Every structure is written in structure tokens, then in C-alpha cells.
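# Residue-level structural notes
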Amino acid sequence: MSDHMILRVVGKFLIPYIMLFGLYVQFHGDFGPGGGFQAGVIFASAFVIHTLLFGVRATQKIAPEWVLRLVASAGVLLYAGVGVASLMLGANFLDYDVLGAYPVAGQHLGIILVEAGVGLTVASVIMLMFFTFAARGEPEGESP
Amino acid sequence: MLEQLIDIFLLAFLAIISIAIVRIRNVFTAVMLFGIYSLVSASLFMILDAADVAFTEAAVGAGISTILMLATLSLVGRDREKPLVKKKISFLPLVIVLVTGATLVYGIVDLPPFGAADNPVHTHVAPRYIFQSMSEIDVPNLVTAVLASYRGFDTLGEVVVIFTAGIGVLLLIGGRRRKEENADE
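Here is what the cut-offs are and how they apply
Residues numbered from 1 in each chain as written. Chains lettered and ligands numbered in written order. Predicted model: local features only at pLDDT ≥ 70, side-chain atom pairs only at ≥ 80, totals over all residues. Heavy atoms only, no water. Helix = DSSP H or I, 4+ residues; strand = E, 2+ residues; numbered from the N terminus. Rg over C-alpha atoms; globule rule 2.2 N^0.38 Å. Buried < 20%, exposed > 50% of the residue type's maximum accessible area, 1.4 Å probe, protein only. Contact = heavy atoms within 4.5 Å. Lys, Arg positive; Asp, Glu negative; His and termini not counted. Charge placed at Lys NZ, Arg CZ, Asp CG, Glu CD. Phe/Tyr/Trp six-rings, centres within 6.5 Å; stacked < 30°, edge-to-face > 60°. Salt bridge = Lys/Arg side-chain N within 4 Å of Asp/Glu carboxyl O. Expected span 1.5 Å × (residues − 1). Buried area = accessible area lost by both parts, 1.4 Å probe. Polar contact = N/O pair within 3.5 Å; in protein donor to acceptor, adjacent residues only side chain to side chain. pLDDT = per-residue confidence, 0-100. Core = buried A, V, L, I, M, F, W, Y, C linked by side-chain atoms within 4.5 Å.

## Focus: the overall build of chain A
Counting its regular elements, chain A contains five helices and zero strands. Each helix and strand of chain A, ordered N terminal to C terminal, gives the series α-α-α-α-α. Against the globule reference of 15 Å for 144 residues, chain A gives a C-alpha radius of gyration of 18 Å, more extended than a compact globule. Across its three principal directions, the C-alpha atoms of chain A cover 60 × 30 × 15 Å. In chain A, which comprises 144 residues, the proportion classed as buried is 45%. Pairs at least 24 apart in sequence give 59% of the contacts found in chain A among residues at least 6 apart. Of the charged side chains in chain A, 6 are positive and 9 negative, and the gap between their average positions amounts to 15 Å.

So this is what it looks like as C-alpha cells:
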């Protein structure tokens, strides 16, 4: 698709807005529809568009595979870590009441952290999967 | 009345698309039809006021699944066609499907009426979520309160499932180049 000028220009123009919308869905999930799962998918789709326009090698320079693997694991660890933190503070696993100065503040903090963990894992796992598929289709020997 | 018309229209559309997916032989067309199917399902969820589910269905079902299927097709050849199956009519599967379907339809009779306020599903934990989540969690989106706090452990499981799926893909088809280079040596 790399020689389609109109697609390239329009796609490049759209990518930042898709990322911004992903962040909006992530952090507005407490108030409206959305949350970590949807936000992760939307954020990853920005990278999918970049791959379709410029090829998988160009995108992997921005988001190398080892970084994505780290981020995917970090998301799960962040989620489980919130649970362990609440255990350490003397409550049940994933009981956020004890995380803040008063229960509702703890709930807010816990939900934001947990949703961040979900978003990080979903976005990076989807990018990893797509890159793996896309890199197999690339002709060999092109890598620098 | 209008809502029922839209329901019937969308459900008929779903049925038509699924029959088309079964009958069509070009795989590329089938993948695009799967995407449309997900989008129509998302509209149905939207009519049921399940905005979060509709959002997920549109993003994952219509978006990412279609992209991954297309990526697979680009590897195996996009114009590949499903092999033409010999048309031999066998009645046993048809009878099994009809009997199962009739049993399911018969089972609907015993279900409580759709949307009634005193259904069992609305009298168990739902009142607590609806009436106390604002004082306990203070998050306006009830779905987020249930998903991230009341059912936080389930959601942790879902994230681990997604993580495991990613590991599975990487183990199955990732890192192929290294092996081939090793084989060349």
C-alpha cells in the first residue's frame, strides 16, 4: 500500500487522533463507555495503520518487539501488583478500599491502576500478534 | 414499535450474513462478511443499551479480528477458495440440528419474561451494584465499577488469558527466521 499517496497522507494525519481517542477511552472509562480493553485495542490499531502504510520494519523501529513483550508482562504485573499491595495493607486480594486515605479514594486509585494494566497488556499483545503475522509475510533478506 | 422493527431488521440481517458466510466460497469475501456480522452484532448490543459491550464488539470483533484474519490470508493467498464439497444430502445431521433447535425453542417457554424487573437475574447482586456502587465505589459508569472492582479477580483472569494468547502466538509462529538461519548453518 506504500505507493498510495492519498492513503499515506490521510493515514498519517489520522494516527495521532486515533491514539488520542484511545487515551480518552482509557481515562474516561470511569464516566462513560470504555475502559482498558477497548482503549488497548484502539491504541494498537493506530500502530496497525502505521504498519499497513509504511511496512512492518518501520513500525517495529518505533515499537520494538522486546519493548512490547516487557510492556505486556508489566501490565499483568501491575494488575496483580495492585492485588498484592492490598494484601500487604491487610485487606483481601484486589480490595482497593485500603489503598487510599478513605475507601472511595482507594477505589478510584485501584480502578485507574488496574485499567492501566489492562490497557497496557491488551495494546501490546495485539501489536505483538499483528507484527508476528505481518513479519512472516514480508519478503526475507530486506532487514538491514 | 420502531425499536422492534429495527430488532427484526438487524436479526434478519445477521441470519442472511451467516447463510452467506456458509455458502460463499471466496475466503476473502467470507472474512469481510465476518466483520460486517460483528458490526451488526454491535448495533444489536447498542439497542440493548449495552454500550460497553457494543464498543468491545466493534473494536475487537469488527476491527482487530478482521485485521488478523486478513493478515493470515495475505500469508496463505487471498483468493484461495474453500474446496467444493460434494453435494451429498445426508439427513441425520439435519434431524439432529432440528431436534436440538426445537428443544432450545421449547426451553424458551420456561424463561422469565424478557426485561421484567422481578427476574431472578435482577434480584441477586444487581440491586447492590445499582444502589450502592455510587457510595462504595463512586464511579458513574456501573460497568467499570463491576468490571474493575466488584469483579476485579475475574478481570485479572481475562487479562492473563489475553497475555497467554499473545505468548501462544509468539511461540507458534514468532521467531521463525532465527530457526531458518540455524538450519542454513
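## Notes on the environment of Ala58(A)
Residue and element names in this part refer to chain A. Inspection of the secondary structure assignment puts Ala58 in helix 3 (residues 56-62). Relative accessible area serves as the criterion here: at 30%, Ala58 is assigned to the partly exposed category. Put simply, Ala58 and Met5 are 53 residues apart on the chain and 17 Å apart in space, counted from C-alpha to C-alpha.

## With respect to the packing of aromatic side chains
All told, the structure shown has seven aromatic pairs over all chains when counted by the stated rule. Consider the rings of Phe13(A) and Tyr17(A), whose centres lie 5.5 Å apart with planes at 55 degrees: the pair is tilted. Placement of the pair is Phe13(A) and Tyr17(A) together in helix 1 (residues 5-27), with a separation of four residues, close to one helical turn. Relative accessible area serves as the criterion here: at 55%, Phe13(A) is assigned to the exposed category. Judged by centre distance (6.1 Å) and plane angle (25 degrees), the rings of Phe21(A) and Tyr24(A) are stacked. Highlighted residues: Phe21(A) and Tyr24(A), both in helix 1, separated by three residues, approximately one helical turn. Residue Phe21(A) is classed as partly exposed on the basis of its relative accessible area, which comes to 39%. Here the aromatic cluster, defined as three or more aromatic residues joined through ring pairs, consists of Phe21(A), Tyr24(A) and Phe55(B).

## Overview of the pattern of salt bridges
All chains considered together, the criterion is met by two salt bridges over all chains. One salt bridge in this structure joins Arg69(A) and Glu65(A), with 2.7 Å as the shortest N-O distance. With Arg69(A) and Glu65(A) both in helix 4 (residues 65-88), this residue pair falls four residues apart, about one helical turn. We note a salt bridge from Arg128(B) to Glu136(B), for which the minimum N-O separation is 3.0 Å. Given a relative accessible area of 46%, Arg128(B) falls into the partly exposed group.

## Quick look at helix 5 (residues 103-137) of chain A
Helix length check: helix 5 of chain A, at 35 residues, gives a terminal C-alpha distance of 51 Å against a target of 51 Å (1.5 Å per residue), a fit within 8%. Counting buried positions over the 35 residues of helix 5 of chain A gives 25, a clear majority of the element.

## Some remarks on the interface of chain A and chain B
The partner chain B presents 41 residues to the 45 residues of chain A that form the contact. Summed over both sides, the interface of chain A with chain B buries roughly 3,900 Å², with 74% coming from carbon and sulfur. Area buried by chain A at its contact with chain B is led by Phe37(A), Phe133(A) and Arg136(A), which between them contribute 18% of it. Scanning the region where chain A abuts chain B turns up 13 residue pairs in polar contact (both at pLDDT 80 or more). Of all the secondary-structure elements, those providing two or more residues to the side of chain A that touches chain B are helix 1, helix 2 (36-54), helix 4 and helix 5 of chain A. By residue number, the principal contributor to the side of chain A that touches chain B is helix 5 of chain A, which donates 19 residues.

## Overview of the confidence of the model for chain A
Regions with low pLDDT should not have their predicted coordinates read in detail. In this model, chain A carries a mean pLDDT of 88, and residues with pLDDT of at least 70 account for 94%. When mean pLDDT is taken per element in chain A, helix 4 of chain A scores highest with 93 and helix 3 of chain A scores lowest with 89.

## Observations concerning the nonpolar core
Core analysis: the biggest nonpolar cluster contains 40 residues, and Tyr79(A), Met127(A), Phe130(A) and Phe131(A) have the highest contact counts within it. For this core, the secondary-structure elements that each account for two or more residues are helix 2, helix 4 and helix 5 of chain A together with helix 3 (51-76), helix 7 (142-150) and helix 8 (152-173) of chain B. In terms of residue count, the dominant contributor to this core is helix 5 of chain A (14 residues). Look past the residues within four positions of Met127(A) in its chain and what remains in contact with it is Ala44(A), Phe47(A) and Leu68(A).

## Observations regarding the confidence of the model for chain B
Across chain B, the average pLDDT comes to 86, with 89% of residues at or above 70. Interface predicted TM-score (ipTM) for the complex: 0.88; the corresponding pTM is 0.84.

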